[in-house]
Amino acid sequence: MELLMNSSVSVLLFGVTRDLTGQSKVSVPLSEEARVADLLSQLNQQYPALAGIRSLLVAVNGEYAETDQILHINDEIALIPPVSGG
Amino acid sequence: MELLMNSSVSVLLFGVTRDLTGQSKVSVPLSEEARVADLLSQLNQQYPALAGIRSLLVAVNGEYAETDQILHINDEIALIPPVSGG
Amino acid sequence: MITLTSDPIDVATALHHLQSSQAGAIDFFLGVVRDNTQQRPVDRLEYEAYDRMAISEMQKIADQAQNQWPILRYTIIHRKGILQVGEIAVLIGVATAHRADAFEACRFIIDTIKQTVPIWKKEVFTDGQQWVNAHP
Amino acid sequence: MITLTSDPIDVATALHHLQSSQAGAIDFFLGVVRDNTQQRPVDRLEYEAYDRMAISEMQKIADQAQNQWPILRYTIIHRKGILQVGEIAVLIGVATAHRADAFEACRFIIDTIKQTVPIWKKEVFTDGQQWVNAHP
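Scoring rules and cut-offs
- Residues numbered from 1 in each chain as written.
- Chains lettered and ligands numbered in written order.
- Predicted model: local features only at pLDDT ≥ 70, side-chain atom pairs only at ≥ 80, totals over all residues.
- Heavy atoms only, no water.
- Contact = heavy atoms within 4.5 Å.
- Buried area = accessible area lost by both parts, 1.4 Å probe.
- Salt bridge = Lys/Arg side-chain N within 4 Å of Asp/Glu carboxyl O.
- Helix = DSSP H or I, 4+ residues; strand = E, 2+ residues; numbered from the N terminus.
- Pairing = 2+ DSSP bridges.
- Axes fitted to C-alpha atoms, helices over the stretch in contact; angles between N-to-C directions.
- Least-squares fit on C-alpha atoms with pLDDT ≥ 70 in both.
- Polar contact = N/O pair within 3.5 Å; in protein donor to acceptor, adjacent residues only side chain to side chain.
- pLDDT = per-residue confidence, 0-100.

Visitor: When you look at the interface of chain A and chain D in this model, what are you seeing that I'm missing?
Guide: When the parts come together, some accessible area is lost, and that loss is often what is quoted as the size of the interface. Counting from both sides, the interface comprises 24 residues of chain A and, opposite them, 28 residues of chain D. Summed over both sides, the interface of chain A with chain D buries roughly 2200 Å², with 52% coming from carbon and sulfur. If you sort the residues of chain A by the area they bury against chain D, Val-83, Ser-84 and Gly-86 of chain A come out on top, with a joint share of 28%. Counting the contacts that link chain A with chain D gives four salt bridges. For Glu-48 of chain D, the salt bridge identified is with Arg-18 of chain A, shortest N-O distance 2.1 Å. Contributions of two or more residues to the side of chain A that touches chain D are made by helix H1 (15-21), strand S4 (63-64) and strand S5 (77-80) of chain A.

Spelled out as C-alpha cells, the structure:
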C-alpha cells in the first residue's frame, strides 16, 4: 500500500459530525506516515465545531483504529461520533 | 362454614397423582377439625403409590395451604404434585 | 393480560397487547417444546392445569412483578393440552420504558411460574413417558 | 442472521428464522420508539448507519455471543431511516436449549450493540432535535 505523501484522505462523516460540518465526506490534507491522531488534530483545526462532541473515534477500512495507526491513501476512513443505536 | 364431622371431602387430582390413582377426584373420610396434614396422611394410606412422589402440597379454595390449616366440608381441595409449567 | 389456553399462542397478537407509546423496551420470552430431554427423543408434551388456581397464581406473579418494576404492559400466555415439537408452551411479554426492567421482570415471571403455578407437563418419549419433576 | 434495513421489522418473520427443534427457549428483545425522552415529547427518531461497519460490528457481537453461550439460532435486525413512535428500532432474538442462556445472550447482544455499533439516532422533538449521546 502507498503511504501518504503530502496528499489528502477522504473522511466519511455521520450523525452529529455530518450536521456540524454540513458534509458527509471531507478531504483532509495529511503528510506522509500520518497517523490517526494527526488526522484528528487536523480535523479539529479545520472544523472547530467538532470540539463540542463528547468523543470522536476513527475507523479505518471498517475497523476501529488506535490513535497510532498509520493511514494510507486508499484506506476507507470514517469519523465515528458517540454511537446511539438500539 | 360447617366443620367436618366424621364426614368426607372431595380432593381434586392432577398430573402424576391422577395417573397413579386412576382418578381425577377422590373422596377422603376425615374427622371433625381435620387439618391438611391429616388429609395427606389419610391419602397416603388410601393410595400408597403417592409415596413415590417427590412432594405433595394441598390447595384449599385455590390457595396453597399450610399443613395446620383446618378443612371445611365445602372447601375446594386439590392435591398439588411438583409443578412443571413453562 | 393473563391467558391459559388450548389454542396455539400467536406472538403478533401478544405484541399488539403490549403496545404503549411510552414503551422503549419489550422483552419476550417463549418456552418452546424441544425434541429431546437429556438426549432422549421427545415425541410431544402434554400440559395439564388446575385452571382457576393456575390463573390466580399467574396473577399473583404479575402483581408482584408490577410492584418490583415499572411495567407499562405485560402479557402472560400459557398453553395447555397436547403440544408438538416447536410449539410455544408459554409466552411472557413485558413492556417498560427502559430495557433492564423488561429483561429482569420477564425473567422473574418465567422463573416464578415454573416454581408456583399448578401446571404439569408430561413428556411423551418414543419409548415411554414421565411427569416432569414428579419423582425424586 | 444480521440485517440492517429501512423496512419495518416483522416479529413473526424473525421468529420463523429462530425455529429449531432443539430450542426450548427463545428470548426476544425489541427496542421501540417511545413518545418521550425525560418527559420531553418525541415526534420521531431518525437513524443513520455506517452500513458496512455496522453490519461487521454486529457480526462480531454475534460471534462473541456464540462463543460465550450455546446458541442454536439468533437474529439481529436493526432499522434505519425515520421511525415513528411505536415502531421497532431493533430486534434481537436468541434461541437456546435452556432459558438462562437465551436471556443472558440476548441482553449481552443489545447492551454491546449500544456501545460499539456505528449507528446514530437523532431525537426529533416538537421543539428541536438532538443526536443522542453526542454532547457531554
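Visitor: Explain the sheet that holds strand S1 (residues 2-5) of chain D to me, please; I cannot follow it from the model alone.
Guide: By definition, the strands of a sheet pair up through backbone hydrogen bonds, in either a parallel or an antiparallel sense. Here we have eight strands laid out as an open sheet, ordered S1(C)-S5(C)-S7(C)-S2(C)-S2(D)-S7(D)-S5(D)-S1(D), and mixed in their pairing. At either end of the open sheet lies a strand with only one pairing partner, and these are strand S1 (2-5) of chain C together with S1 of chain D. Pairs of neighbouring strands in the sheet enclose a mean axial angle of 10 degrees, with direction left out of account. Where strand S5 (residues 71-79) of chain C meets strand S7 (residues 88-96) of chain C, seven bridges bridge the pair, whose relative direction is antiparallel. In the strand pairing of S7 of chain C, Ile-77 of chain C is matched with Leu-91 of chain C. The sheet contacts of helix H1 (residues 11-18) of chain C involve strand S2 (25-32), S5 and S7 of chain C together with strand S2 (25-32) and strand S7 (88-96) of chain D, and relative to S2 of chain C the element is tilted by about 150 degrees. Those strands touched by helix H2 (residues 51-68) of chain C are S1 and S5 of chain C, and its axis lies near 150 degrees from that of S1 of chain C.

Visitor: Honestly, the relation of the copies chain C and chain D in this entry has me stumped. Any pointers?
Guide: The operation linking the two copies of the chain is a rotation about an axis combined with a translation along the axis. Least-squares fitting of chain C to chain D yields an RMSD of 0.0 Å, with the transformation described by 0.0 Å of translation along the axis and a rotation of 180 degrees. Taken together, the rotation and translation relating the two chain copies correspond to the operation of a two-fold axis. In terms of C-alpha distance to the rotation axis, chain C has Phe-28 of chain C as its closest residue, with the C-alpha 2.4 Å off the axis. Both copies contact each other with a shared surface, as 100% of the interface residues of chain C are interface residues in chain D too.

Visitor: Hey, could you run me through the interface of chain C and chain D in this one?
Guide: If you look at the interface, chain C gives 32 residues, while chain D gives 32 residues. If you sort the residues of chain C by the area they bury against chain D, Arg-34, Arg-99 and Phe-103 of chain C come out on top, with a joint share of 23%. Our enumeration of links across chain C and chain D arrives at four salt bridges. When the shortest N-O distance is used, the salt bridge between Glu-104 of chain D and Arg-107 of chain C registers 3.8 Å. Here chain C and chain D share 11 residue pairs in polar contact (both at pLDDT 80 or more) between them. Among the elements that make up the side of chain C that touches chain D, the one with the highest residue count is helix H3 (residues 99-116) of chain C (nine residues).

Visitor: Where do I start with the confidence of the model for chain C in this structure?
Guide: Close inspection of predicted coordinates is inappropriate in any region flagged by low pLDDT. Averaged over every residue, the pLDDT of chain C is 97; the share at 70 or more is 100%. The ipTM, which scores confidence in the relative placement of chains, is 0.93 for this predicted complex, and the corresponding pTM is 0.95.

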